[in-house]
Amino acid sequence: MRRHGKLEYGGHAGPQRTCVGCRVRTAKSELLHLVRVEDQVVPDLRGRLPGRGASLHPSLSCLELAERRRAFPRAFRVPGPLDMSPVRAHLEGEPRNVM
Ligand SMILES: [Zn+2]
C-alpha cells in the first residue's frame, strides 16, 4: 500500500465515504469534503478545516439532491437551514465553462 498518491478504483483498502446527495459510497478522494462554518457550508479544499464534515460528489445535481433531502442540517447536526452558497459557487465555477 502506498502512503501517498491516489488509490485506484478496485483497491479494497481505500477509504470510502457516502455522498450526502445521492447516498452512493465512493472513494473519499473522489468526493468534495464539506465543513460547516457557523451557518455556512464551505468546501474544505485542503482537508484542513476543523469540525464535522460531510462528503459530496462535486456535482450540482448531488448538491441539489442533498438540499432537497435536507441532508446537510442532519449531517452537521444543526436544527436550521444552512447557507450552501459557497459550495454552489465552487461547483458552478469549477466544471467546464459554458459561457
Ligand atoms: Zn452524489
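Procedures and definitions
Residues numbered from 1 in each chain as written. Predicted model: local features only at pLDDT ≥ 70, side-chain atom pairs only at ≥ 80, totals over all residues. Heavy atoms only, no water. Helix = DSSP H or I, 4+ residues; strand = E, 2+ residues; numbered from the N terminus. Buried < 20%, exposed > 50% of the residue type's maximum accessible area, 1.4 Å probe, protein only. Contact = heavy atoms within 4.5 Å. 1 Å grid on protein atoms, 1.4 Å probe; cavity = no way out; pocket = protein on both sides within 12 Å on 5 of 7 lines; lining within 4 Å. Points joined across faces, edges and corners; volume = space filled by probe spheres on them. Nonpolar A, V, L, I, M, F, W, Y, C, P; charged D, E, K, R; others polar. Donors = N, O, S within 2.8 Å, 3.2 Å for Na, K, Ca; no water. Tetrahedral: all angles 85-135°; square planar, octahedral: opposite > 155°, others 65-115°. Pairing = 2+ DSSP bridges. Axes fitted to C-alpha atoms, helices over the stretch in contact; angles between N-to-C directions. Arc of directions from axis to C-beta. Phe/Tyr/Trp six-rings, centres within 6.5 Å; stacked < 30°, edge-to-face > 60°.

Looking at this structure, how should I read the side chain of Ser55?
With respect to the secondary-structure elements, Ser55 resides in strand S5 (residues 53-56). With relative accessibility at 9%, the residue Ser55 sits in the buried group. Residue contacts for Ser55: discarding those within four places in its chain leaves Arg17, Thr18, Cys19, Val20, Leu31, Leu32 and His33.

I'm lost on the layout of surface pockets in this one. Help?
Over the atoms rolls a probe the size of a water molecule, and its path tells where empty space is left. Counted as a void, the largest pocket has a volume near 220 Å³. Lining of the largest pocket is provided by 13 residues; of these, Thr18, Val20, Arg23, Ala54 and Ala75 occupy positions nearest its centre. Here the residues of the lining of the largest pocket sort into four nonpolar, four polar and five charged. Of the pockets and cavities examined, the second largest pocket occupies roughly 150 Å³. Every residue lining the second largest pocket is listed: Arg17, Lys28, Ser29, Leu31, Leu32, His33, Gly47 and Ser55. Class assignment for the residues of the lining of the second largest pocket results in two nonpolar, four polar and two charged.

I keep staring at the coordination of the zinc ion and nothing clicks. Help me out?
Any two of four tetrahedral donors ideally make an angle of 109.5 degrees at the metal, while pairs among six octahedral donors ideally make 90 or 180 degrees. Within the protein, the zinc ion binds to Cys19 (SG), Cys22 (SG), His57 (ND1) and Cys62 (SG); these donor distances fall in the range 2.0 to 2.3 Å. Around the zinc ion, the four donor atoms sit at angles spanning 98 to 118 degrees, and that spread fits a shape best called tetrahedral. Sequence spacing among the residues donating to the zinc ion works out to C-x2-C-x34-H-x4-C. Among the residues examined, Cys19 registers a relative accessible area of 0% and is labelled buried.

Looking at this model, I keep getting lost on the sheet that holds S5. Mind explaining?
Whether parallel or antiparallel, the strands of a sheet pair through hydrogen bonds between backbone atoms. Pairing in this open sheet of three strands is antiparallel, and the strands run S4-S3-S5 from one edge to the other. With partners counted over all chains shown, the strands left at the sheet margins are strand S4 (40-43) and S5, one partner each. Direction aside, neighbouring strands of the sheet carry axes that sit 35 degrees apart on average. Taken together, the four bridges between strand S3 (residues 32-37) and S5 define a ladder with antiparallel strand orientation. By the bridge assignment for S5, Leu34 is matched with Ala54. Its contacts with the sheet place helix H3 (residues 85-93) against S3, S4 and S5, and it is angled at close to 30 degrees to S4.

Would you mind going over H3 with me for this structure?
Because each turn of an α-helix spans 3.6 residues, side chains separated by three or four positions in sequence point in the same direction. Along H3, the positions that sit buried rather than exposed are Val87, His90 and Leu91. For H3, the buried positions fall inside an angular range of 95 degrees around the axis, keeping them on one side. Against the buried residues of H3 lie S3, S4, S5 and helix H1 (60-68).

Is there a simple way to explain the packing of aromatic side chains in this structure?
In this description, an aromatic ring pair is defined by two values, namely the gap between the centres and the angle between the planes. Within the structure shown, the criterion is met by one aromatic pair. Centre to centre, the rings of Phe72 and Phe76 are 6.3 Å apart; their planes meet at 15 degrees, and the pair counts as stacked. Taken together, the positions of Phe72 and Phe76, both in helix H2 (residues 71-76) and four residues apart, correspond to about one turn of that helix. The same class applies to Phe72 and to Phe76, which are both buried.

Functional significance is not addressed by these values, which are geometric in nature.
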